[in-house]
Amino acid sequence: MDSGVPKNVCSLVVLCAVAAFAGVASAGEAIELDFDEKLAEVADELDDDFAPEADFNEDGINNGDGLAMLAAILANPELEAHPSVCEAFAHNRDLIADDFSMFAILYPVDQIAAILGGWMLWDDAAFDESLEALYDFSAHNWSERKEDLIRLPDIMAGDGDANGDGTTNLDHYEAVDGDRESFLNAAVRGEPAPAAEALEIDFDAKLEVLADTVDDSLAPGEDLNRDGITNGDGLALLAAILAEPELAVHEGVHEAFVTNRDRFVADFEALAAMYPVEDIGTVLAGWLLWDDSSLDSAVRQVYDYGPVSWDERQRDFIRLPGILAADGDVSGDGVTNLEHYEAADGDRDEFVQATLAEALRLGQPIEVDFETKLNTVAEALGNDFAPSTDLNEDGIPNGAGLALVAAILDAPDSPAHRAVSEAYLNNRQLIVRDFDTFAFLYPVQEIAAILGAWLMWNDPEFDELPRQLYGFVPADWDDREPGFLRAPVAVAADGDANNDGVTNLEHYEAADGDLGAFLDAALGENR
């Protein structure tokens, strides 16, 4: 799009012409949209950059085919991505429409609202740039408003993966040479590959390469961060998790590791001719999961030679210290990884086997009595934690909301079991780790179990509690917060635990306070 003023003065005014769109479909309901028609009309009145055959953001997928992918997801409630995409699209479309409704009398508002509301899901700089200019004509400030828009690039962008089969949308598009129907069948409607995938990595070999080429402190037998576990043995535990898809923690660890590795390699690809970038990235990507200051220091030094500053980049990496750090707990059995290591007297095989022996396996239920934990914490800290209280005022009291979590944890056949189990184990152990020194004063295990579950809601009310608590420990909440896992689609009041198109709150209200009826309805046959 031309950045000059003459052409875009008219364009910006037209873009500002956004008004309320037709009614929002509820979760689980098909939304039928013809984006080609909308793009063509906006292109006629605004700019050829909006034409279906144009590629506005130059991501390799033209406007029409990219938005056809969005339309296919919106129109198919049976797709796993449908609820979140439907909700995010309607939210963005209506928010932009409301901000610019004063222009509704002049321009094709429905079309512009739908196009921009969809494009925001891509989280692409080119699309954002058009809206940033757009907001010069609004009463709202773009830097503030952009935080209110929902982004789903992991699903919608060219390098996203709409059906979770491990192949990017752009790869699917290029493979079918731009044929739209084949593209949609492959990228959206096709059966996703199993999320669990064995990944075999010889970290010892990579550490040896780094010790030879970078620094001896990276050798397998060294303990770079002085946590009591050698480099090689610590990464051997990670390797064992990556190689065992049946572990409940596998998927999250696998995803976090691959994300970190690919991000690092992309940042330093230009140096690959001089240094073993893939080996360095593989080791550092694993270590970042520890969320350890000593290991971060090593990564910071590497980023002194890179194109992006570490202070800017560090938030883009995923941390799972509640699972992988020395004082983490892979198995969730209450015994830290370091304690397992010390008990094995440094024997790697014994350490790994003992640490994973009690680890939750797929299809294995987790039993948690949140009612008792809430009562214990309420007695120690106040009635805000009582089962009958509705702490975040979402319409579902603490006890019922956590009973839903407990039911999902105890139901391996529930579609939400894996994500909820992993998030709960990670969050709980992370809080225990940070607040263990207070265990002689407070019921830290119970507090951690409750907050570990509540953080899944991704609700400001629940987040405020740990934020206040983190004022009493060395760990900073803003640094720690990205390490917590969220699963609001499953557990929040406006979530949908069994993907039946009815929110958890609606099920609760229909049950009129009957907990059993609520859980039966919210989980259906999967309870």
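Shown above is the structure to which this text applies.
What comes next concerns the included structure. (Residues numbered from 1 in each chain as written. Predicted model: local features only at pLDDT ≥ 70, side-chain atom pairs only at ≥ 80, totals over all residues. Heavy atoms only, no water.)

**Structural notes on the nonpolar core**
Core analysis: the largest hydrophobic core is formed by 57 residues, its most contacted members being Phe-370, Leu-402, Val-405, Val-420, Tyr-424, Trp-454 and Met-456. Every element with two or more residues in this core is listed here: helix H20 (370-381), helix H21 (398-409), helix H22 (417-435), helix H23 (444-454), helix H26 (488-491), helix H27 (504-511) and helix H28 (515-523). It is H21 that contributes the most residues to this core, nine residues altogether. Not counting chain neighbours up to four residues away, the residues in contact with Met-456 comprise Val-405, Val-420, Ala-423, Tyr-424, Asn-427, Leu-485, Arg-486, Ala-487, Pro-488 and Val-491. Met-69, Phe-89, Trp-119 and Leu-134 belong to the second largest nonpolar core, which has 55 residues in total. (Core = buried A, V, L, I, M, F, W, Y, C linked by side-chain atoms within 4.5 Å. Buried < 20%, exposed > 50% of the residue type's maximum accessible area, 1.4 Å probe, protein only. Helix = DSSP H or I, 4+ residues; strand = E, 2+ residues; numbered from the N terminus. Contact = heavy atoms within 4.5 Å.)

**So, helix H10 (residues 180-189)**
Structural remark: α-helix, 3.6 residues per turn; residues separated by three or four positions point the same way. Restricting attention to buried positions, one finds in H10 the residues Phe-183, Leu-184, Ala-187 and Val-188. The buried residues of H10 all sit within an arc of 95 degrees when viewed along its axis, so they share a single face. Buried residues along H10 sit against helix H3 (63-74) and helix H9 (169-175). (Arc of directions from axis to C-beta.)

**A closer look at a negative patch on the surface**
Taken together, the side chains of Glu-208, Asp-212, Asp-215, Asp-216 and Glu-222 make up a negatively charged region of the molecular surface. Topologically, Asp-216 is positioned in the loop between helix H11 (203-213) and helix H12 (231-242). (Patch = residues over 30% accessible without salt bridge, like charges linked within 9 Å, V, L, I, M, F, W, Y side chains within 5 Å. Areas by Shrake-Rupley, 256 points an atom, 1.4 Å probe, with all protein chains shown as cover. Salt bridge = Lys/Arg side-chain N within 4 Å of Asp/Glu carboxyl O. Lys, Arg positive; Asp, Glu negative; His and termini not counted. Charge placed at Lys NZ, Arg CZ, Asp CG, Glu CD.)

**So, the pattern of salt bridges**
Across all of its chains, the model carries 22 salt bridges by this definition. Close ionic contact of Asp-316 with Arg-313 constitutes a salt bridge, the shortest N to O distance being 2.7 Å. Under the relative-accessibility criterion, Asp-316 is labelled partly exposed at 31%. Residue Asp-478 is joined to Arg-467 by a salt bridge in which the shortest nitrogen-to-oxygen separation is 3.3 Å. Taken as a pair, Asp-478 in helix H25 (residues 477-480) and Arg-467 in helix H24 (residues 460-469) lie far apart in primary sequence, eleven residues in all. Taken together, the shared-partner salt bridges connect Asp-291, Asp-296, Arg-319, Asp-434 and Arg-480 into one network.

**Considerations on the packing of H20 against H21**
Helices that pack against each other are described as a pair by the angle of their axes relative to one another and the distance between those axes. Where H20 meets H21, the closest approach of the two axes is 9 Å, and the angle between their N-to-C directions is 140 degrees. With respect to their mutual orientation, H20 and H21 come out oblique. The interaxial crossing formed by H20 with H21 has right-handed handedness. Contacts between H20 and H21 involve Phe-370, Glu-371 and Leu-374 from the first element and Asn-398, Gly-399, Leu-402, Val-405, Ala-406 and Leu-409 from the second. Looking at side-chain class alone, the contact of H20 with H21 contains six nonpolar, two polar and one charged residues. (Axes fitted to C-alpha atoms, helices over the stretch in contact; angles between N-to-C directions. Parallel < 35°, antiparallel > 145°, perpendicular 65-115°, else oblique. Left-handed = near helix turned anticlockwise from the far one by under 90°. Nonpolar A, V, L, I, M, F, W, Y, C, P; charged D, E, K, R; others polar.)

**Concerning the packing of aromatic side chains**
The relative placement of two aromatic rings is captured by the distance of their centres and the angle of their planes. Taken as a whole and assessed by the stated rule, the structure comprises 26 aromatic pairs. Here Tyr-303 and Phe-317 contribute two aromatic rings whose centre-to-centre distance is 6.3 Å and whose plane-to-plane angle is 80 degrees, an arrangement assigned as edge-to-face. Placement of the pair is Tyr-303 in helix H15 (residues 293-303) and Phe-317 in the loop between helix H16 (310-313) and helix H17 (321-324), with a sequence separation of 14 residues. In this structure, Tyr-303 and Phe-317 share a single accessibility class: buried. Between Tyr-508 and Phe-518 the ring centres are 5.2 Å apart and the planes differ by 85 degrees, which places this aromatic pair in the edge-to-face class. Of the two residues, Tyr-508 sits in helix H27 while Phe-518 sits in helix H28, which places them ten residues apart along the sequence. Phe-518 shares its class with Tyr-508; the two are buried. A network of ring pairs unites the aromatic residues Phe-50, Phe-56, Trp-119, Trp-122 and Phe-127 as a single cluster. (Phe/Tyr/Trp six-rings, centres within 6.5 Å; stacked < 30°, edge-to-face > 60°.)

**Concerning unusual backbone geometry**
Comment: phi is negative for the bulk of residues other than glycine, and the bulk of peptide bonds are trans. Of note in the backbone geometry, Asp-345 takes a positive phi value of approximately 55 degrees without being a glycine. If you trace the backbone, Asp-345 turns up in the loop between helix H18 (337-343) and helix H19 (348-357). Residue class for Asp-345 comes out exposed when judged on its relative accessible area of 70%.

**Topic: the side chain of Asp-292**
Relative to the assigned elements, Asp-292 resides in the loop between helix H14 (277-288) and H15. A polar side-chain atom of Asp-292 sits 3.2 Å from a polar atom in the side chain of Asn-225. (Polar contact = N/O pair within 3.5 Å; in protein donor to acceptor, adjacent residues only side chain to side chain.)

**Description of the packing of H14 against H15**
In the contact formed by H14 and H15, the axes pass within 9 Å of each other and the chain directions differ by 140 degrees. Regarding the angle of H14 to H15, the classification is oblique. Classified by chirality, the crossing of H15 by H14 is left-handed. On the side of H14, the interface is formed by Leu-284, Trp-287 and Leu-288, while H15 contributes Leu-295, Asp-296, Val-299 and Val-302.

**What about a nonpolar patch on the surface?**
On the surface, a cluster of nonpolar side chains totalling about 450 Å² of accessible area is made up of Leu-381, Phe-440, Leu-441 and Tyr-442. The topology assignment puts Leu-441 in the loop between H22 and H23. Residue classification places Leu-441 among the exposed residues on the basis of a relative accessible area of 51%.

Nothing here speaks to function; it is geometry throughout.
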